[in-house]
Amino acid sequence: MSEQSFWQFITEQHEKLLTQVVQHLGLTFLSLFLAIMIGVPLGILIARKRELSGSVLGMAGILQTIPSIALLGFMIPVFGIGAAPAIVALLIYALLPIIRNTYTGITEVDPAVTEAAKAMGMNGKQLLFKVQLPLAMPVIIAGIRTAAVINVGVATLASFVAAGGLGEFIFGGISLNNTHMILAGAIPAALLAVLLDQTITVLQKLSYQSVKKLKYIIPAVIGIVYLLTSVSNHKIKAGFTPEFMGRQDGNLGLRSVYGLDAHPLVVSDAIMYKAAYEKELDLISGYSTDGRIKAFDLYVLEDDRKIFPPYFAAPVIKTKTLEKFPGLEKTLNLLAGKFNDSIMTELNYKADYLKQTPEKIAKDFLMKTNLYKDPRKGNSQTIKIGSKIFGEQYILAEMYKMLIEGYTDYKVETKTGLGGTKICFDALMNDAIDVYPEYTGTGLLVLLKPSAKMIEEVSKSPEKTLEYVNREFQKQYGIEWLQPLGFNNAYALMMRRKQADELKIKTISDLKKYMDSQ
């Protein structure tokens, strides 16, 4: 079967792409409109009371330096998930260029013109609206233009808080090692930025009176976009991660095997568990050993049609790296078989809910299992350990670091939080890292992508899956899977336990029957 082309992907996903473009525009326009409503008056204020200019511009500058992901994180406790935190974060990013350009435009109006207007008897309001704003308008619109382009780019991160937009394709593609999906989000985002920039450039050349008329048009446009981007109200509100959305052992499997279309929002796994607990979501995708299942009293639905294959964890490393570092394989395999599902869930609980550091959790576990040794502080070669961007991976990376430093003379450098599967695997292939923990099901379905028949055959047992992925990885990539750690971290669907009990939902098939009855 030939590989799907980019245009085939676009044709197949055109409805979803159009929805994401509309959502992206809605987020951009709403945040930009609100930023103009706040930023222009602030700019006028500090132009009149110049002693305030330093503090106001300084505060706006500080807000813009906050990393966008962190800013979204700060918004969640206040505004929850969805469009609200994304719009507020985008508004904050748009303020600085609008305030600064409004202030600059007004203060740089020729003093002779201002004095002439005063001599003609104009009061402060007349001076502002008939002289200063018309002359400052090109500079103000230039600030709005800058803010608009910034917001188009930053809005791609809105998918982390279930606000939609083109980030769903971009981050889903990164997680799934799908270049077509990344381009399907990135290209329209770039085109939107260029289109918006050129449209505002045209506005910049219009007269002040023409620009004033837009105050009646903009709210109408924003209202229409808002209605188009509003999400339908379903009895069960679902939220899935970008990676889960595009995987056969995820949303695709739910649709094809169970016939279940949950109409999910796309949301980051960093916030979806708490969102379920706080009743902002009813159904989420998750990981079977995640500590937040225990922390938030969630119920894992039984996968009665077996679409989630075994996901045994094991370190993956190039054969040439094992040859380069004698004794490394033996050291990494010290963790083999030391875990089961309940042990890993408890460790994740300590990280996700008790907020213990990965270093403390790793050290405590190694000491409990009599594997911990004080670091030798060797001066030999450096081994680079990578990890994906969730707690379990941070913990395992720290364990491997401590083992290598305690049992060998090698130095260790950790590169944690590398994102999804694609980033970690590419880093391994390009020698940016030497080893990282991976899951057999991910190796099978995301990286190898064999035929459906082969998937069915090798997914019958964890041992068959491991044997197959190890053989194929060595053949195709020169990469080996070392001995598995012993726990199975499969995908799962979960709900609040109380809600699942009330609705008598125990399995995914029960969920399908309930949703069909609504």
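The following refers to the structure shown. The shown structure was predicted, so the numbers you read here are calculated from the model rather than taken from an experiment.

1. A closer look at the pairing of strand β7 (residues 411–415)
Two elements, strand β6 (residues 382–386) and β7, share 5 bridges in a ladder whose sense is parallel. Directly across from isoleucine 383, in β7, lies its bridge partner valine 412. What joins β6 to β7 is helix α19 (residues 391–407), and the crossover it makes is right-handed.

2. Details of the sheet that holds strand β2 (residues 265–266)
Pairing within the open sheet is mixed, and its 5 strands lie in the order β2-β1-β3-β10-β4. Strands at the two margins of the open sheet, each flanked by one partner only, are β2 and β4 (298–300). Bridging between strand β1 (residues 238–240) and strand β3 (residues 283–287) involves 2 bridges; their strand directions are parallel. Within β3, the residue paired with alanine 238 across the bridge is leucine 283.

3. Some thoughts on the packing of helix α17 (residues 341–352) against α19
Taken N-terminus to C-terminus, the directions of α17 and α19 make an angle of 105°; their axes are 9 Å apart at the nearest point. When the axes of α17 and α19 are compared, the pair comes out roughly perpendicular. Residue-level inspection shows Met344, Leu347, Asn348 and Ala351 of α17 in contact with α19, the latter providing Gly391, Glu392, Ile395 and Met399. Here the contact of α17 with α19 is built from residues that sort into 5 nonpolar, 2 polar and 1 charged.

4. Considerations on helix α7 (residues 124–154)
Given a rise of 1.5 Å per residue, 31 residues ought to cover 45 Å, yet the end C-alpha atoms of α7 are separated by just 38 Å, more than 12% below that figure. Of all the bends in α7, the greatest, near 55°, is centred on methionine 137, and the proline proline 138 appears no more than four residues after it. Of the residues that open α7, the one with a side-chain oxygen 3.2 Å from the backbone nitrogen of lysine 125 is asparagine 123.

5. So, the pairing of strand β10 (residues 491–496)
Extensive coverage of β10 is indicated by the burial of 6 of its 6 residues. One ladder, built from 5 bridges, connects β3 with β10; its direction is antiparallel. What sits directly across from leucine 283, in β10, is methionine 495. Summarising the sheet, β4 and β10 pair through 3 bridges and their orientation is antiparallel. Its bridge partner being in β10, valine 300 is matched across the sheet by methionine 494.

6. Here's the deal with the environment of leucine 444
Along the chain, the position of leucine 444 falls in helix α21 (residues 440–448). Between the C-alpha atoms of leucine 444 and glycine 173, which are 271 residues apart in sequence, the distance is 17 Å. The contact partners of leucine 444, leaving out residues within four places of it in the chain, are Lys449, Pro450, Ile455, Val458, Ser459, Thr465, Tyr468 and Val469.

7. A short note on the pattern of salt bridges
With the rule as written, the count across this model stands at 22 salt bridges. Aspartate 249 serves as the salt-bridge partner of arginine 247, at 2.9 Å between the closest nitrogen and oxygen. Aspartate 249 matches arginine 247 in its accessibility class, with the two residues each being buried. Ionic pairing is found between lysine 320 and aspartate 431, a salt bridge with its closest N-O pair at 3.6 Å. Here aspartate 431 lies in the loop between α20 (421–429) and β8 (435–439) and lysine 320 lies in helix α15 (residues 319–324), a separation of 111 residues in the sequence. Here the salt bridges share partners, and the residues they tie into one network are Glu243, Arg247 and Asp249.

Rules of the game
Residues numbered from 1 in each chain as written. Predicted model: local features only at pLDDT ≥ 70, side-chain atom pairs only at ≥ 80, totals over all residues. Heavy atoms only, no water. Pairing = 2+ DSSP bridges. Helix = DSSP H or I, 4+ residues; strand = E, 2+ residues; numbered from the N terminus. Right-handed = clockwise from strand over helix to strand, strands pointing away. Axes fitted to C-alpha atoms, helices over the stretch in contact; angles between N-to-C directions. Parallel < 35°, antiparallel > 145°, perpendicular 65-115°, else oblique. Contact = heavy atoms within 4.5 Å. Nonpolar A, V, L, I, M, F, W, Y, C, P; charged D, E, K, R; others polar. Expected span 1.5 Å × (residues − 1). Bend = angle between axes of the 7 residues up to and from the residue. Polar contact = N/O pair within 3.5 Å; in protein donor to acceptor, adjacent residues only side chain to side chain. Buried < 20%, exposed > 50% of the residue type's maximum accessible area, 1.4 Å probe, protein only. Salt bridge = Lys/Arg side-chain N within 4 Å of Asp/Glu carboxyl O.

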